[in-house]
Amino acid sequence: MLPIPAGREGWPAGMGNINQFCLNNQLLTGNSRNGLRLRTHTHTMLLNYVKISFRNLVRNKAYTTINVLGLALGMTCGLLIFTLVTYHLGFDTFHANRDRIYRFVTEQKRETVSYAASVPSPLGKAFRNDYTFGEKVARIVTADDILVTIRDGQTVRKFKEAQGVAFSEPEYFDIFNFPLLNGDPQTALTEPNTAILTEHMARKYFGSANPINKTFRLENKIDFRVTGVLRDLPANTDRQTEIFVSYASLKQFNEWMASDDAWGGMSSALQCFVRLRPGVSPEQVERVLPAYVTTYRPTSKNVHHYRLQPLADVHFDARYGGVMTQTNLWVLGLIGLFLIITACVNFINLATAQALNRAREVGVRKALGSIRSQLFWQFIAETGLITVAAMGLALLGAQIALPYVNEWFQSRMTIDLLTDWQLTVFIALLIVVVTFLAGSYPGLILARFQPVLALKGKLSQQSIGGFNTRRTLIVTQFALSQMLIIGVIIIANQMRYAQQSNLGFTKDAVVMVPMASESSIQTQRTIQNRFSALAGVKDVSLCQAAPASDNNWNTSPRYDNRPEDENFGINVRAADDQYIPLFDLQLVAGRNIYPADTAREFIVNETFAKKLNLATPQALLGKTISLNGDRLKGPIVGVVRDFHNLSFHEDISAVCIASAIDQYGNYAVKIDLATAKATLAGLAKIWSDAHPDQIFEYQFLDDQIAEFYETEALMLKLIQAFAAIAIFIGCLGLYGLVSFMAAQKTKEIGIRKVLGSSTGQIVWIFAWEFSRLILVAFVVAAPVAWYAMNAWLNNFEYKVEPGIEVFALAIGGTFLIAMLTVGYRAISAALLNPVKALRTE
């Protein structure tokens, strides 16, 4: 063994660093020396992989571009969907002791079961006084679209707050982790007419001034003094109200809801939360809740079952108003996974197709001593470079698309690698997984080439997995694409069906104008008369809501003085005598109600007669109906043809129409669309003249009805986008494969042309190959898509029936897209001069 040469720090002058010395002279021995040699060799080898990979990618620009674009599109969708899923899974997870926080909810059982995210308003107080299960109990009543007025000297500013205000008990801020920046959470809402604002609302109303002890007016009738400022609410909470006022002031706003005796009804505006004591289970609490039903609702046919809903379920349970079901998150996650797999399949297709072009390179490497593992890692390095470049584009694409996604989902998602560690980990894992998922198979194919065959150019299709492998991959791609296309067609058909079907009433050219709060009966009548006199107005009705509305008043009816209420509910539509003609509701028996301010006469629908098992609607005429605990009572004077009073998700309910001016909330105005702009301006002036301190608003009824299907409209947009991306990725791979196929069949095409084949016959060679694959993909996709979409359609009571035309359109569209993709390249190959093709023969 040679001694270590002397010199500076034991090294000879001019030898450079220790790595170079070890590599060049190989003097070091033992474990430490071998480890150093191995690390140096590995480092150099990795650099070599990257360098050669970069050169190969630059040399094959078209191949690189197609792969980068395909992977980037798939990864963009993956990033957006991951951001969306983690955003929703993170809702209200930041509260301390969140596993002990529950919401009181109600199951209402008549002839069917319905669900409400609320309970009677006295229940929270009674539970707090009667039992010790709850560490903290808080009621909260939310009023949306509230007018807030700020007076600063002679200046008056008005704000219409869509999120409204929340009348909150002080314990609400003990249960939820919404910290106060100013004020005492124990006392901030204990006194009447006190309020807490978020930082955002405080700046909006009072600028940079200290908001404490400033005042604002609610609905022009109640003044509140600011006693606290909350830190701005996080984006991922369902509690989005930014103005909290004392629960003690609720009586001034809604006396019935504030009553401790209002056990007879519920409002969706009221919710009650509890934080259970440690060791108390929800089952223990639910065992005592039936006592409130037997005590306060012993004779009601609308049987209530009070339950505890965990805070973790609030965001996801659609029965109680959850905005994003976990099923939808799973579907979105699977779509994202499908798109990434599609992009990887596209990469594998192109890489294996490109393998023959690299045969001699592999042969030379093997002849010079390269082993399989080195060739495998060489290709993995190339794939890694493509994946990293694709991820860079994906991050850019995700940032560009995020504002549109936030608008669609009405969310506040962000993509920030510096603060979101989950996203950073996901990106790192995605790069690794995609690199190995996309690169392993082509790498193994290249590594197993026989050097003699490779150098002689004798490799066949079977040497790179054959066409059968790539056929399988193409079938996978197009099966996924066709599933999405079928989904788009069925959802679009259902949406069109809901929008264009006869609802049983006229919805076109009807404008719904909300009444001002606390407007008197005389004012309402005056505005109605002035609206009617306006040019361009055909009819005006005072009503609670349109025939189809989510503003519902449901109660149990008592028919013909029977001793008990019926075992079904009835949907009450409070309206005047102009309601029937304005909405063109069709009377099948009897007459319209006479003008009145209170419920003296009733009109019901055909479903009411069916639920009573009456032979004809005429049998109802003259019979008495009692509603709302006999508070409303009178004879039935008419029966209207059934109309859709809810969305197509639900069956038509029993409906009752009666005058009740204290329940009116809207002016329904039928207008001439030819003069709509001038008419709306006239409506605004008349309304504002009567209510100068309010803000005029309106909405066309067809837009209001379209809100029933916001979730479906959003799903349609998403699946359209995903389908377009999946098809585009598939077409990139298809184009690359056609190019490869044309290169491999150059001599065959030349021979065929010399023997007299036409251009059409040559093109058919390519078309037949991919037509078969698309047909096989359709056979796989059609039953899966049919099953999935039928499950989705089961959410509707009124729905389309997917026919053969849906599947014919899907496969026809796929054929057209595929032919457009391969057509240019196939025709170019067919038109190639056969002399050039056969020159090497």
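Residues numbered from 1 in each chain as written. Predicted model: local features only at pLDDT ≥ 70, side-chain atom pairs only at ≥ 80, totals over all residues. Heavy atoms only, no water.

Thoughts on the sheet that holds strand 25 (residues 699-700)
Phase 1: Strand order in the open sheet formed by 4 strands is 15-24-14-25, with antiparallel pairing between adjacent strands. Across the chains shown, the open sheet's two edge strands, defined by having one partner strand only, are strand 15 (537-543) and strand 25.
Phase 2: Seen against the sheet, helix 18 (residues 521-533) touches strand 15 and strand 24 (666-671) and runs at an angle of roughly 165° to strand 15.
Phase 3: This element, helix 21 (residues 676-690), spans strand 14 (510-514), strand 15, strand 24 and strand 25 of the sheet and lies at about 150° to strand 24. (Pairing = 2+ DSSP bridges. Helix = DSSP H or I, 4+ residues; strand = E, 2+ residues; numbered from the N terminus. Contact = heavy atoms within 4.5 Å. Axes fitted to C-alpha atoms, helices over the stretch in contact; angles between N-to-C directions.)

Remarks on the pattern of salt bridges
Phase 1: Evaluated as defined, the whole model comprises 21 salt bridges.
Phase 2: Residue R139 pairs with D260 through a salt bridge whose shortest N-O separation is 4.0 Å. Residue R139 is found in strand 3 (residues 134-143), and its partner D260 is found in the loop between helix 8 (255-258) and strand 12 (270-276); the two are separated by 121 residues along the sequence.
Phase 3: Its relative accessible area of 4% is what places R139 among the buried residues.
Phase 4: Residue K610 pairs with D642 through a salt bridge whose shortest N-O separation is 3.4 Å. (Salt bridge = Lys/Arg side-chain N within 4 Å of Asp/Glu carboxyl O. Buried < 20%, exposed > 50% of the residue type's maximum accessible area, 1.4 Å probe, protein only.)

Focus on a nonpolar patch on the surface
Phase 1: On the surface, a nonpolar cluster with roughly 590 Å² of combined accessible area is contributed by L69, L393, L396, I400, Y404 and W408.
Phase 2: The greatest single-element share of the nonpolar patch, amounting to 5 residues, is contributed by helix 14 (residues 372-409).
Phase 3: Position of L393 relative to the elements: it lies in helix 14. (Patch = residues over 30% accessible without salt bridge, like charges linked within 9 Å, V, L, I, M, F, W, Y side chains within 5 Å. Areas by Shrake-Rupley, 256 points an atom, 1.4 Å probe, with all protein chains shown as cover.)

A short note on the nonpolar core
Phase 1: L71, F505, F583, L585 and F722 are the most contacted members of the largest nonpolar core, which has 124 residues in total.
Phase 2: Listed in part, the 45 residues of the second largest apolar core include A126, I146, F224 and L276. (Core = buried A, V, L, I, M, F, W, Y, C linked by side-chain atoms within 4.5 Å.)

Quick notes on the pairing of strand 22 (residues 632-640)
Phase 1: Among the 9 residues of strand 22, 7 are classified as buried, and the element is accordingly described as predominantly covered.
Phase 2: The pairing of strand 19 (residues 587-590) with strand 22 spans 3 bridges and is antiparallel. Opposite G590, over in strand 22, you have G638 as the bridge partner.
Phase 3: Looking at chain direction, strand 20 (residues 602-605) and strand 22 are connected through 4 bridges and run parallel. Across the sheet, F602 pairs through a bridge with I636, a residue of strand 22.
Phase 4: Direction of pairing for strand 21 (residues 624-627) relative to strand 22: antiparallel, over a ladder of 4 bridges. Opposite S626, over in strand 22, you have K633 as the bridge partner.

Here's the deal with the environment of E707
Phase 1: Within the fold, E707 resides in the loop between helix 22 (701-706) and helix 23 (710-744).
Phase 2: Considering only alpha carbons, one finds E707 and S647, 60 residues apart in sequence, at a separation of 9.5 Å.

Overview of the pairing of strand 11 (residues 243-246)
Phase 1: Judged from the 3 bridges that link them, strand 6 (residues 165-168) and strand 11 form a sheet pairing that is parallel. Across the sheet, the residue bridging to S168 is S246, located in strand 11.
Phase 2: As defined by bridge partners, strand 8 (residues 194-198) adjoins strand 11 across 3 bridges and the pair is classed as antiparallel. The residue of strand 11 that forms the bridge with L197 is I243.

Side note on a negative patch on the surface
Phase 1: Residues D550, D703, E707 and E710 make up a contiguous surface patch of negative charge.
Phase 2: Inspection of the secondary structure puts D550 in the loop between strand 15 and strand 16 (553-555). (Lys, Arg positive; Asp, Glu negative; His and termini not counted. Charge placed at Lys NZ, Arg CZ, Asp CG, Glu CD.)

Some remarks on the packing of aromatic side chains
Phase 1: Inspection of the entire model under this criterion finds 39 aromatic pairs.
Phase 2: Their ring planes at 0° and their centres at 4.0 Å tell us that W263 and Y296 sit as a pair that is stacked. Highlighted residues: W263 in the loop between helix 8 and strand 12 and Y296 in helix 10 (residues 290-296), separated in sequence by 33 residues.
Phase 3: By relative accessible area, W263 is classed as buried at 6%.
Phase 4: Each ring, one from F696 and one from Y698, has its centre 6.0 Å from the other, and the planes form 35°; the classification is tilted.
Phase 5: Residue F696 is classed as buried on the basis of its relative accessible area of 17%. (Phe/Tyr/Trp six-rings, centres within 6.5 Å; stacked < 30°, edge-to-face > 60°.)

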